Amino acid sequence: MKKIFLSAVIALALCSYGYAQDEEEYEEDEAPAKVTKAPAYEEEEEEEEAAPVAKKAEKKKAAKKSGDTPFFGIGVDLVGTLKEESIIRLVFKPTASIEVAGLIGLWHHGETTFKPKTGDEQSYSDNYTDIAVGVGFDYLMPTAFLPFSAGGEFLFSSPSPRTALGDAGANFNGKLSDVSVVRLRFNVLAGAEAELIKGLTLNGKVGLGFDYWSYDVVDQGTTSWLDLGFVTRAYLTWYMF
């Protein structure tokens, strides 16, 4: 009887040991799968969600940066205005470093009159207006102090014969209406540009100017000459948008 009881106890102990070992192996098989797979899936999902957000932020930042650059402005040459040679420029700025301008020059000479002490006032009918049109270009390079400006201008006009003849006009025997004048100017300029207040800039530059004159007198011939000298500009420009 004792042997039967002892055999039953041993059999129960062996069964319990085998069952416990199976549970440990089952837990060891399942535990690594839960630890390794779940974080990997969550990290990939977070990266996929973060990528579109980062791209949107970059696009928004780039759009804001490009919108800060002015596009159109109107300027006037202060130096020319003081010399009665006003030049107005309409500036287009496709990028922060490039300025392209349309140039309009305007010079008006009023009619000369003479009023003697006795008698009626006399008019000489010598009034005229010279209009020039042209284009300008500037490339701005950033420096430690102010942006460096390099560019040029081209202007075309057909001034009054009195302007072309100058002092020689007094000795001209023909009709001024028979004289056709053409003036071409090409300037190579360099300087610096400063922003005085937001939207208002001052571009001062100096350079070499080529001034070509040509006038044709009906039934007489054509005369031309080329002047060379220094040119100064001081454009005060207001960028409206």
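Parameters and conventions
- Residues numbered from 1 in each chain as written.
- Predicted model: local features only at pLDDT ≥ 70, side-chain atom pairs only at ≥ 80, totals over all residues.
- Heavy atoms only, no water.
- Helix = DSSP H or I, 4+ residues; strand = E, 2+ residues; numbered from the N terminus.
- Buried < 20%, exposed > 50% of the residue type's maximum accessible area, 1.4 Å probe, protein only.
- Contact = heavy atoms within 4.5 Å.
- Areas by Shrake-Rupley, 256 points an atom, 1.4 Å probe, with all protein chains shown as cover.
- Phe/Tyr/Trp six-rings, centres within 6.5 Å; stacked < 30°, edge-to-face > 60°.
- Lys NZ or Arg CZ within 6 Å of the ring centre and 35° of its normal.
- Salt bridge = Lys/Arg side-chain N within 4 Å of Asp/Glu carboxyl O.
- Core = buried A, V, L, I, M, F, W, Y, C linked by side-chain atoms within 4.5 Å.
- Pairing = 2+ DSSP bridges.
- Axes fitted to C-alpha atoms, helices over the stretch in contact; angles between N-to-C directions.
- Polar contact = N/O pair within 3.5 Å; in protein donor to acceptor, adjacent residues only side chain to side chain.

(A) The arrangement of the overall build of the protein chain in detail. When helices and strands are counted, the protein chain shows three helices and ten strands. When its helices and strands are written in sequence order, the protein chain yields α-β-α-β-β-β-β-β-β-α-β-β-β. Here the protein chain holds 241 residues, and 24% of them are scored as buried. The long-range share in the protein chain, meaning contacts at least 24 apart out of those at least 6 apart in sequence, stands at 55%. About 17,100 Å² of surface is accessible on the protein chain, with carbon and sulfur atoms providing 62% of the total.

(B) Seen up close, the environment of Tyr124. Mapped onto the elements, Tyr124 comes out in the loop between β5 (122–123) and β6 (128–141). Residue class for Tyr124 comes out partly exposed when judged on its relative accessible area of 46%. The sequence separation of Tyr124 and Thr113 amounts to eleven residues, and the corresponding C-alpha distance is 6.2 Å.

(C) A look at the packing of aromatic side chains. The tally for this structure, following the rule as stated, stands at five aromatic pairs. Between Phe71 and Phe92 the ring centres are 6.1 Å apart and the planes differ by 70°, which places this aromatic pair in the edge-to-face class. On the criterion of sequence distance, the pair formed by Phe71 in the loop between α1 (2–67) and β1 (72–77) and Phe92 in strand β2 (residues 86–92) is long-range, its members being 21 residues apart. By way of ring pairs, the aromatic residues Phe71, Phe72, Phe92 and Phe241 are connected into one cluster. Above the face of the Tyr235 ring, Arg89 is positioned so that its terminal group lies 4.7 Å from the ring centre.

(D) Region of interest: the pattern of salt bridges. Counted under the stated rule, the structure contains seven salt bridges. A salt bridge links Asp77 to Arg233; the shortest N-O distance between them is 3.8 Å. Of this pair, Asp77 sits in strand β1 while Arg233 sits in strand β10 (residues 221–239); the two residues are 156 residues apart in sequence, bridging distant segments of the chain. With respect to class, Asp77 is no different from Arg233; both count as buried.

(E) Broad picture of the nonpolar core. Ranked by size, the top nonpolar core spans nine residues in total: Ile87, Val91, Ala101, Leu103, Trp107, Ala132, Leu155, Tyr235 and Tyr239. Counting only elements with at least two residues in this core, the list comes to β2, β3 (98–109) and β10. With three residues, the single largest contributor to this core is β3. For Ala101, the contacting residues outside a window of four places in its chain are Arg89, Leu90, Val91, Gly134, Val135 and Gly136. Residues Val179, Val181, Trp213 and Val217 belong to the second largest nonpolar core, which totals five residues.

(F) Spotlight on the sheet that holds β10. Read around the closed barrel, eight strands run β1-β2-β3-β6-β7-β8-β9-β10, paired in antiparallel fashion. Between one strand axis and the next, the sheet turns by 25° as a mean value, whatever way the strands run. Alignment of β6 against strand β7 (residues 148–157), held across ten bridges, turns out to be antiparallel. Across the sheet, Gly134 pairs through a bridge with Leu155, a residue of β7.

(G) Summary view of the pairing of β1. For β1 and β2, the ladder comprises five bridges, and the chain directions are antiparallel. Looking at the pairing, Gly73 lines up with Val91 of β2. Relative to β10, β1 runs antiparallel, the two being bridged by five bridges. The partner of Val76 across the bridge, within β10, is Leu236.

(H) Structural detail: the side chain of Thr237. With respect to the helices, strands and loops of the structure, Thr237 is situated in strand β10. On the basis of relative accessibility, which here comes to 0%, the residue Thr237 falls in the buried class. A polar side-chain atom of Thr237 sits 3.3 Å from a polar atom in the side chain of Arg89. When residues no more than four places from it in sequence are discounted, the contact partners of Thr237 are Gly73, Ile74, Gly75, Arg89, Val91, Gly199, Leu200 and Thr201.

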